[in-house]
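# Notes for the structure review
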Amino acid sequence: MDNSTNPPYFNLTMFFNIGQSYNLAFVLFFILYLSIVFANVIIIVVTARENALHEPMYIFIMCLAVNSLYGSAGFFLRFLRDLLSSSHLISRPECFVQIYVIYTYGSFELSFLSVMAYDRYVAVCQPLHYHNKITKKTVILLIGLAVTIPAIIVTPFVYLSSTLPLCGNAIPKVFCANWLVVKLSCVPTGLSDLFGMLVTTPVVFLPFVFVLYTYGRIFLICRKRTSDFKRKVVQSCLPHIITFVNYSINFFCDVALSRIDLESLNPYIAVILSLEFVVIPPLVNPLVYGLKLPEIRKCILRMFQNPEKKV
C-alpha cells in the first residue's frame, strides 16, 4: 500500500484558525494544563495521605483524578508542542496513540462514574449491607474492571481504523479523532461502523443507563425520608451528579461536533468547542470534589496549613 492510501502524516488543520495568536494561546493553555495537574495532584495526594479518606468513595475519586492526568497528558503534551511549531503534522502512529489515549480516557471516566454511582446506591439504598458489599476486595475488583474492560474493547476499535486505506490526511481538529480519520477512508467503512456501534453499547450506553438508574433509585428513596436524610444524601451525591452531568454534556457535544463541519464555524468558537471534552472534565472534577465534599475540603486546608504533618 503506497503513501497515497497510507499517508505517513496527518495534518491538523484547525490550528490555522488560531491565526497569529500562537504565543498567547500557548501561555493560556500552559497555565490551564498546570492548573489541571495541580488540582488533580492535590486530590491524589490528600486522598493518599489522609487516613480519614481511605474509604471507597474517596478512592474512586482519586482514580478519577488519576484518569484526568492521563487524559489531559495525552492531549496537552502534543497540543502545546503544536502551538510552538510552524508545522502541524502528526505522524500516523502518534495520531492513533493519541486517539487510543483519548478514547480510553473517556471510557475510563464513564466507568469510574458508574462505579461511584454503584457505591452511592449501596450506601443510600442498602446502608446495612454497605460494608459487606463494598469491601477492600470489591473496591480493587471494581477498579480493575473499570480499567480493563474499556481498554480491551477500545483496542480493536482503534486498530481497525488504523488499517483503513485513506485518501487524504487533513483532520479538521487540534487533536486526532477517530471518526475524522474514518471519514478519510478510500473504502467502505461498514466493518468499522459496526464495530463502533458494538463498542458504544458496553462502553458508553450501558454505563449511562446504569448511572441514571442508580440515581433514579436514590431519588425515590429520598422522597420517603426525612429532611436531614435528604440533606446528607445531597451532600454526598451532588458532586458525583455534577461530574456526571458535566461529562455527559461534554461527551455528547464532542460526538455532535465530530458530525459537523467545524471549519464552517467561527474559528475561535470551533477551537473552543473541539477542546471541551479533553479540557473541562479534568479541570472541573477536582474543583467540584474539593469544594463540595467537606471531608476532602477539610483535609486540603489542613494539608496547606500543616505541610510538614505526617499521617
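Residues numbered from 1 in each chain as written. Predicted model: local features only at pLDDT ≥ 70, side-chain atom pairs only at ≥ 80, totals over all residues. Heavy atoms only, no water.

An unreviewed UniProt entry lists the protein under the name Olfactory receptor, with Tetraodon nigroviridis as the source organism. Regarding the protein, the UniProt comment filed under Sequence similarities (unreviewed entry) reads as follows: "Belongs to the G-protein coupled receptor 1 family." The record held by UniProt for the protein lists under Subcellular location (unreviewed entry) the comment "Cell membrane". (UniProt positions renumbered as here; feature names shortened; annotations may be inferred.)

Strand order in the open sheet made by the three strands is β2-β1-β3, with mixed pairing throughout. Each of the sheet's edge strands pairs with one partner strand only, and the pair in question is β2 (89-91) and β3 (170-171). Where strand β1 (residues 9-12) lies against β2, three bridges are found, and the strand directions are antiparallel. Looking across to β2, one finds that Asn 11 is bridged to Leu 89. Helix α3 (residues 92-125) contacts β1, β2 and β3 of the sheet and is inclined by roughly 85° relative to β2. (Pairing = 2+ DSSP bridges. Helix = DSSP H or I, 4+ residues; strand = E, 2+ residues; numbered from the N terminus. Contact = heavy atoms within 4.5 Å. Axes fitted to C-alpha atoms, helices over the stretch in contact; angles between N-to-C directions.)

For the rest of this paragraph, the subject is the state of the cysteines. Scanning the entire structure with this criterion turns up two disulfides. A sulfur-sulfur separation of 2.1 Å characterises the disulfide bridge that pairs Cys 95 with Cys 176. In this structure, the disulfide formed by Cys 95 and Cys 176 twists by about -130° around the S-S bond and is classed as left-handed. Remark: Cys 176 occurs in the loop between β3 and α6 (178-182) and Cys 95 occurs in helix α3; sequence separation between them is 81 residues. A residue is classified by how much of its surface remains accessible, and Cys 95, at 0% relative accessible area, is buried. Between the sulfur atoms of Cys 167 and its disulfide partner Cys 186 the distance amounts to 1.6 Å. (Disulfide = S-S within 2.5 Å. Buried < 20%, exposed > 50% of the residue type's maximum accessible area, 1.4 Å probe, protein only.)

Time to look at the layout of surface pockets. Quantified by volume, the second largest pocket comes out at close to 450 Å³. If you trace the second largest pocket, you find 20 residues lining it, with Met 57, Arg 120, Ala 123, Tyr 130 and Ser 236 closest to the centre. For the lining of the second largest pocket, the elements supplying multiple residues, two or more each, are α2 (56-83), α3, α4 (130-133), α8 (227-257) and α10 (294-305). By residue number, the principal contributor to the lining of the second largest pocket is α8, which donates six residues. Along the lines of polarity and charge, the residues of the lining of the second largest pocket split into eleven nonpolar, three polar and six charged. (1 Å grid on protein atoms, 1.4 Å probe; cavity = no way out; pocket = protein on both sides within 12 Å on 5 of 7 lines; lining within 4 Å. Points joined across faces, edges and corners; volume = space filled by probe spheres on them. Nonpolar A, V, L, I, M, F, W, Y, C, P; charged D, E, K, R; others polar.)

In terms of nonpolar packing, the biggest core is built from 88 residues, with Phe 10, Ile 61, Phe 75, Phe 76, Phe 79 and Ile 296 touching the most fellow members. Ranked by residue count, the leading element in this core is α3, at 16 residues. Residues within four places of Ile 296 in sequence aside, it is in contact with Ile 43, Val 46, Leu 53, Tyr 58, Ile 61, Tyr 289 and Gly 290. (Core = buried A, V, L, I, M, F, W, Y, C linked by side-chain atoms within 4.5 Å.)

Moving on: the UniProt feature "transmembrane region" (unreviewed entry) in the protein. The UniProt record annotates "transmembrane region" (unreviewed entry) at residues 24-46, 58-77, 97-118, 139-159, 194-216, 237-257 and 269-288. In the segment residues 139-159, helix accounts for 100% and strand for 0%; the C-alpha atoms at its two ends are 31 Å apart.

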